[in-house]
Amino acid sequence: MALYTRQIEYKSNAQMRIMQEAGELLSRALDAAVAAVAPGVTTDELDAVFAEVVDAAGAQYNFLGYHGYPKHICASVNDEVVHGIPGNRVLEPGDVVKIDGGCIVRGWNADSARTVIVGEGDPEDVRLSEITRMAMWHGIAALATAKYVGDIGDAIDDYVSAQQGKPLGILEDYCGHGIGSQMHMAPDVLNYRSKHRGPKVKPGMCFAIEPMLVRGDIETVTLEDDWTVVTTDSSRASQWEHSVAVHRQGIWVLTAPDGGASELEKLGVTVVPIPA
């Protein structure tokens, strides 16, 4: 993914509080979709469950119609890393499902993703998902004191590299991004160490932090639908994502009901609500 060169958008506290509304709605919609995951359920049914929650709130979608994308969420299964289109695929025990969704409230965006394993699952898949999830939280924790956006990728890379057991690959073709009045904005948020330090972190910046890890090689290819990204070696993948706001008093995870407090306290970070 090419590095963004567009100007960074700085939000006011009032605008970030609207993004928080979008994030809290998105969290509820993802809760519903995750709860619906079970053997025999289709990915299209997950899409419908998600849409029902967003529709009930009168919000808009940022995935539906995005460059022609036909659904409300991305539902990527097993070796599908990202951008899987919901359809008639029936979930089976042990499947690794990535549910990525977004919504818009009064013109402001939220974006978040979770990995769900159908049933008990392979212990290595459980490990993959948990390391990806914690890599995301380590990246968010780093943002609390980061001088540069690249510090986020450093923290993610350091955490993943330090894990015992078979090494996991960090996808380099796809990364996190700025978010605000649009879903994808400057700057790119890499999930690995790079000489590219990125811009300085300043109040008013909002980021979607989304590490994507694989059990095998990091090489990917896009299928004929022009959306679904799969690993070339058919290894399984995980994706976790939260949208996070930076304000003058600290950070707040927009897509977590508690602002990320319960997870970040374990990492020595105290989140601060966005001031009025």
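Note: the structure precedes this text.
Now for a description of the structure that goes with this document.

Calculation notes
Every chain is numbered independently, its residues counted from 1 as its sequence is written. Where local features are concerned, this predicted model is filtered to residues with pLDDT of at least 70; where side-chain atom pairs are given and counted, the filter is 80 or more; whole-chain, interface and lining totals use all residues. The basis for every side-chain value is the complete set of non-hydrogen atoms in the structure, without hydrogens or water. What counts as a disulfide here is a pair of cysteine sulfur atoms lying within 2.5 Å. Remark: nonpolar core denotes a set of buried residues (Ala, Val, Leu, Ile, Met, Phe, Trp, Tyr, Cys) joined through side-chain atoms within 4.5 Å. Each residue gets one of three labels from its accessible area relative to the maximum for its type: buried under 20%, exposed over 50%, partly exposed in between, using a 1.4 Å probe on protein chains only. Contact definition: two residues touch when any of their heavy atoms are within 4.5 Å. A pair is scored as a salt bridge if a Lys or Arg side-chain nitrogen falls within 4 Å of a carboxyl oxygen belonging to Asp or Glu. By the criteria applied, helices consist of DSSP H or I runs no shorter than four residues and strands consist of E runs no shorter than two, each listed in order from the N terminus.

### A short note on the state of the cysteines
Part 1 of the argument: What the rule picks out here adds up to 0 disulfides.
Part 2 of the argument: In this structure Cys74 is a free cysteine whose sulfur lies 14 Å from that of Cys103, the closest cysteine sulfur available.
Part 3 of the argument: Among the cysteines around Cys175, which has no disulfide bond, Cys74 carries the closest sulfur, lying 15 Å off.

### Focus on the nonpolar core
Part 1 of the argument: In this structure, Phe50, Ile99, Ile140, Leu143, Ile209 and Leu264 are the most contacted members of the largest nonpolar core, which totals 73 residues.
Part 2 of the argument: Once residues lying within four places of it in the same chain are set aside, the contact partners of Ile209 are Met136, Gly139, Ile140, Leu143, Ile152, Ile156, Val189, Trp240, Glu241, His242 and Val244.
Part 3 of the argument: Ranked by size, the runner-up nonpolar core spans 8 residues in total, among them Val81, Val82, Leu171 and Val214.

### Some points on the pattern of salt bridges
If charged atoms from side chains of opposite charge come close, those side chains can pair.
Part 1 of the argument: Scanning the model with the defined rule gives 16 salt bridges in all.
Part 2 of the argument: Arg215 is paired through a salt bridge with Asp122; the nearest N and O atoms lie 3.7 Å apart. Taken as a pair, Arg215 in the loop between strand E9 (212-214) and strand E10 (220-222) and Asp122 in the loop between strand E4 (108-117) and helix H3 (123-143) lie far apart in primary sequence, 93 residues in all.
Part 3 of the argument: Taking relative accessible area as the criterion, Arg215 reaches 25% and is therefore assigned partly exposed.
Part 4 of the argument: Between Asp158 and Arg193 there is a salt bridge whose closest N-O contact spans 3.0 Å. Within this pair, whereas Asp158 is found in helix H4 (residues 150-161), its partner Arg193 is found in the loop between strand E7 (185-189) and strand E8 (206-209), the two being separated by 35 residues in sequence.
Part 5 of the argument: Look at Asp158 and you get partly exposed, because its relative accessible area is 38%.

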